[in-house]
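For reference, the chains in residue letters:
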Amino acid sequence: MSDANLLEATVRTEFGKGAARRTRRDGNVPAVLYGHNEEPQHLSVNAREFAAILREHGTNAVLNLDIAGKKQLALTKSVVVHPIRRYIEHADLLIVRKGEKVTADVNVLLVGEAASGTLVTQDTTTLSIEAEALNIPESIEVSIEGVEAGTQILAGQIALPKGVTLAGDTEVLIVNIIAAPASAQETEEAAEAAAAAAASDAE
């Protein structure tokens, strides 16, 4: 990871809301870099470049910071986005070393279609995992293809990529698949019957 996700960072010397506003007005994001028992560093990074990295690599992006010529790997721990205007207000960055394991929350993506006549509810959208800082998966896929009603998928049942372990509770409910309420099932069956009738008419 020589220059991947390279992001120049400037040390901030002004603090407080006014200083943060000025930083954002200049097209930058105020950030704090901490970890490894070092004094927190107050930085600013280019908002557009930082947003582009997050778009490409997700919110657990590992950054290759250039702080006044000194390189530092950092994991994006949290990003605060303005609820209306959607710009990045602030970021917390964690110092990481190559080969070091870190804990991160990754998105759970459901793939496939459950069995007919079921209703799928996703109770938890993220999974807490531990992995090497440079090998955090962007998401974890969970297949629900053909799964029958009455099935519950818990965190501990999800297959994780090599080198990734579960950091959270194994009993956390991720997906619950139940029988669809009668009205929903009737609607689905009526739609299927109408489609079949239309197909036979066409013939």
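The rules behind these values
Residues numbered from 1 in each chain as written. Predicted model: local features only at pLDDT ≥ 70, side-chain atom pairs only at ≥ 80, totals over all residues. Heavy atoms only, no water. Pairing = 2+ DSSP bridges. Helix = DSSP H or I, 4+ residues; strand = E, 2+ residues; numbered from the N terminus. Core = buried A, V, L, I, M, F, W, Y, C linked by side-chain atoms within 4.5 Å. Buried < 20%, exposed > 50% of the residue type's maximum accessible area, 1.4 Å probe, protein only. Contact = heavy atoms within 4.5 Å.

Considerations on the pairing of strand 6 (residues 88-95)
For a regular strand, side chains alternate in direction, first toward one face of the sheet and then toward the other. Across four bridges, strand 2 (residues 28-35) lies against strand 6 in parallel orientation. Bridged to Val 32 within strand 6 is Asp 92. Examined bridge by bridge, strand 5 (residues 70-81) and strand 6 share seven bridges and lie antiparallel to one another. Counterpart to Ser 78 in the pairing with strand 6 is Asp 92. If you look at the hairpin formed by strand 5 and strand 6, you'll find six residues sitting between the two strands, and Arg 86 has a positive phi there, around 65 degrees.

Looking at the nonpolar core
Ranked by size, the top nonpolar core spans 26 residues in total, and within it Leu 75, Leu 127, Ile 129, Ile 136, Ile 144, Ile 158 and Ile 174 carry the most contacts. If you list the elements that add at least two residues to this core, you get strand 5, strand 7 (101-111), strand 9 (126-132), strand 10 (139-143) and strand 13 (173-179). Leave out the neighbours within four places in its chain, and Ile 129 touches Val 102, Thr 103, Ala 104, Val 106, Ile 136, Pro 137, Leu 160, Val 164, Thr 165, Leu 166 and Ala 167. If you look at the next biggest cluster of nonpolar residues, it comprises 19 residues, including Val 29, Leu 43, Phe 50 and Ala 61.

Purely geometric numbers; function is a separate question.
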